[in-house]
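Structural description and commentary
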Amino acid sequence: MSQNICVKCNKPVIESAEQYEVFEKMHWLCFHLEFEHEGDPDIPCGDVSCPWWHIKVYREKLEQMGEDPSKVLESAIEDVISKQ
């Protein structure tokens, strides 16, 4: 079985391989940034599936809850590493 290679970044498409043709032979994120994302690719766009939008929303919610988003992320990373 041949591996699907993204035409945008030239890396293997693994996670979204079943939608390789739908996303014009790209990763979902490469497709999103190429065709859907408006403006600076490092800033959230209006698409609720945009990963930067998710990060922004989570960060704001954590801050509303009185949590430091950086410390929450650091703790979560430490938890994952300790389970490996």
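Reading the values: rules and limits
Residues numbered from 1 in each chain as written. Predicted model: local features only at pLDDT ≥ 70, side-chain atom pairs only at ≥ 80, totals over all residues. Heavy atoms only, no water. Patch = residues over 30% accessible without salt bridge, like charges linked within 9 Å, V, L, I, M, F, W, Y side chains within 5 Å. Areas by Shrake-Rupley, 256 points an atom, 1.4 Å probe, with all protein chains shown as cover. Salt bridge = Lys/Arg side-chain N within 4 Å of Asp/Glu carboxyl O. Helix = DSSP H or I, 4+ residues; strand = E, 2+ residues; numbered from the N terminus. Expected span 1.5 Å × (residues − 1). Polar contact = N/O pair within 3.5 Å; in protein donor to acceptor, adjacent residues only side chain to side chain. Buried < 20%, exposed > 50% of the residue type's maximum accessible area, 1.4 Å probe, protein only. Contact = heavy atoms within 4.5 Å. Phe/Tyr/Trp six-rings, centres within 6.5 Å; stacked < 30°, edge-to-face > 60°.

Okay, a nonpolar patch on the surface next. A surface patch of nonpolar side chains, about 310 Å² in accessible area, is lined by Leu-29, Leu-33, Trp-52 and Ile-55. Of all the secondary structure elements, the ones that give two or more residues to the nonpolar patch are helix H1 (28-36) and helix H2 (51-64). Positionally, Ile-55 belongs in helix H2.

Taking 1.5 Å as the rise per residue, helix H3 (residues 69-83) with 15 residues should run 21 Å; its terminal C-alpha atoms sit 21 Å apart, in good agreement. With a side-chain oxygen positioned 2.9 Å from the backbone nitrogen of Ser-70, the residue opening H3 is Asp-68.

The subject of this paragraph is H2. With 14 residues, H2 should reach 20 Å at 1.5 Å per residue; the first-to-last C-alpha distance of 20 Å fits that figure. After H2 finishes, the residue Gly-66 shows a positive phi value of roughly 80 degrees.

Moving on, we get to the environment of Asp-47. Relative to the elements of secondary structure, Asp-47 occurs in the loop between H1 and H2. You can call Asp-47 partly exposed: its relative accessible area is 25%. When the C-alpha positions of Asp-47 and Phe-35 are compared, they lie 12 Å apart, and in sequence the two are twelve residues distant. The residues contacting Asp-47, other than those within four sequence positions of it, are His-32, Glu-36 and Trp-53.

A few words now on the packing of aromatic side chains. Within this structure, the stated rule accounts for two aromatic pairs. Pairing Phe-23 with Phe-31 gives two aromatic rings, centres 5.4 Å apart and planes at 45 degrees, and the pair type is tilted. On the basis of relative accessibility, which here comes to 11%, the residue Phe-23 falls in the buried class. What makes Phe-31 buried here is its relative accessible area of 12%.

In this structure the tally under the stated criterion is two salt bridges. A salt bridge links Glu-34 to Lys-8; the shortest N-O distance between them is 2.6 Å. Separated by 26 residues along the polypeptide, Glu-34 in helix H1 and Lys-8 in the segment before H1 bring together distant segments of the chain. Judged by relative accessible area, which is 38%, Glu-34 ranks as partly exposed. Across the salt bridge formed by Glu-60 and Lys-56, the nearest N and O atoms sit 3.3 Å from each other. Of this pair, Glu-60 and Lys-56 both sit in helix H2, four residues apart, which is roughly one turn of that helix. Residue Glu-60 is classed as partly exposed on the basis of its relative accessible area, which comes to 37%.

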